[in-house]
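Listed below, chain by chain, are the residues.
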Amino acid sequence: MTDKPSHAAYLGPDYPHWNTTLSDGSEVLIRPIGPQDAAAEKAFIESLSPQSRRNRFLGQIAHPSDEFIHQLTDIDYINDVALVAIAPEGAGYRIVGVSRYAIDSSRKDCECAVVVADKWQGKGLGTALMECLKTLATERGLLSMRSVDLAENWEMRDLASALGFHSSPDPSDPH
Ligand SMILES: CC(C)(COP(=O)(O)OP(=O)(O)OC[C@H]1O[C@@H](n2cnc3c(N)ncnc32)[C@H](O)[C@@H]1OP(=O)(O)O)[C@@H](O)C(=O)NCCC(=O)NCCS
């Protein structure tokens, strides 16, 4: 039998948006990502420093393929949820951060990830993106969120600890 998500769990076009003011006074809009964001998402990933890209993707993805961008932006909002923080740029906008989760097979837990544009780090945006994601996960009845990160990624450890997450070394990975 396939689990059918409740109506409350799938909010469709009524998905919430958050207007957020960061610690330096700049303002961003946090909202669900969609296929219309494909070009902005590609530009966002390509603009990340090699270190941020490595920390986020656990490897180098300098030039993401169209298929990969499609996977990141065409979200079902049933099993997967992804939020973007956008800032105005010229007549349009640019993505300055993304948080996402994917429900695992237990349908009670999820794996999450977050990334913030290098120049926007340290202003509270990672916290805001994760708080919004946590709100949605809680509303949908998920019991835990998990993220697998490089041991040297102290920024993520600090963010996780500020959010009240528990961190532990992977016993199967000597690194
Ligand atoms: C991890 C990451 C998302 C944090 O985003 P951020 O917007 O810089 O985080 P915040 O500004 O909300 O900071 C959250 C906490 O982390 C710590 N922190 C983060 N960046 C910091 C910095 N440059 N200097 C000092 N502390 C920092 C602080 O303890 C902060 O807590 P505080 O608000 O009580 O001071 C960001 O560093 C990033 O995008 N890294 C690359 C991708 C990545 O590693 N993702 C995680 C794996 S999926």
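Before reading further, recall that the structure is shown in the block above.
Residues numbered from 1 in each chain as written. Predicted model: local features only at pLDDT ≥ 70, side-chain atom pairs only at ≥ 80, totals over all residues. Heavy atoms only, no water.

**Some details on the site of the ligand**
The local shell around the ligand holds 21 residues, among which Val114, Gly124, Gly126, Thr127 and Asn153 are the closest. Within the backbone of Lys123, one N or O atom sits 3.2 Å away from an oxygen atom of the ligand. In isolation the ligand exposes 910 Å². Once the protein is present, 73% of that is buried. If you tally residues by element for the shell around the ligand, the top one is helix H5 (residues 154–162), at five residues. (Near = heavy atom within 4 Å. Polar contact = N/O pair within 3.5 Å; in protein donor to acceptor, adjacent residues only side chain to side chain. Areas by Shrake-Rupley, 256 points an atom, 1.4 Å probe, with all protein chains shown as cover. Helix = DSSP H or I, 4+ residues; strand = E, 2+ residues; numbered from the N terminus.)

**Re the nonpolar core**
If you look at the biggest cluster of nonpolar residues, it comprises 47 residues, and the most contacted ones within it are Val28, Ile30, Tyr101, Trp120 and Leu125. Among the secondary structure elements, those contributing two or more residues to this core are strand S2 (27–32), helix H1 (38–47), helix H3 (66–73), strand S3 (80–89), strand S4 (92–103), strand S5 (109–116), helix H4 (125–139) and H5. Per-element accounting of this core gives the leading share, eight residues, to H4. Beyond its immediate stretch of four places on either side in the chain, Ile30 contacts Pro16, His17, Trp18, Thr20, Leu83, Val84, Ala85, Leu125, Ala128, Leu129 and Cys132. (Core = buried A, V, L, I, M, F, W, Y, C linked by side-chain atoms within 4.5 Å. Buried < 20%, exposed > 50% of the residue type's maximum accessible area, 1.4 Å probe, protein only. Contact = heavy atoms within 4.5 Å.)

**Things to note about H3**
All buried positions along H3 are accounted for by Phe68, Ile69, Leu72 and Thr73. Down the axis of H3, the buried side of the element spans an arc of 125 degrees, and every buried residue falls inside it. Pointing more than 90 degrees away from the buried face of H3 are the exposed residues Asp66 and Glu67. (Arc of directions from axis to C-beta.)

**A short note on the environment of Pro169**
By the element assignment, Pro169 lies in the segment after H5. Overall, Pro169 belongs to the exposed group, its relative accessible area being 73%. Spatially, the C-alpha atom of Pro169 lies 18 Å from that of Cys110, the residues being 59 residues apart in sequence.

**Section: the packing of aromatic side chains**
Counted by the stated rule, this structure contains one aromatic pair. Seen in terms of ring centroids, Phe57 and Phe68 are 5.8 Å apart; in terms of plane orientation they differ by 70 degrees. Their pairing is edge-to-face. Linking Phe57 in helix H2 (residues 50–57) with Phe68 in helix H3, this pair joins segments that are eleven residues apart in sequence. In this structure Phe57 comes out as buried when scored by relative accessible area, which is 17%. A cation over an aromatic ring shows up here: Arg31 above the ring of Tyr93, its NZ or CZ 5.5 Å from the ring centre. A cation sits over an aromatic face here: Lys123 above Trp120, 4.7 Å from the ring centre. (Phe/Tyr/Trp six-rings, centres within 6.5 Å; stacked < 30°, edge-to-face > 60°. Lys NZ or Arg CZ within 6 Å of the ring centre and 35° of its normal.)

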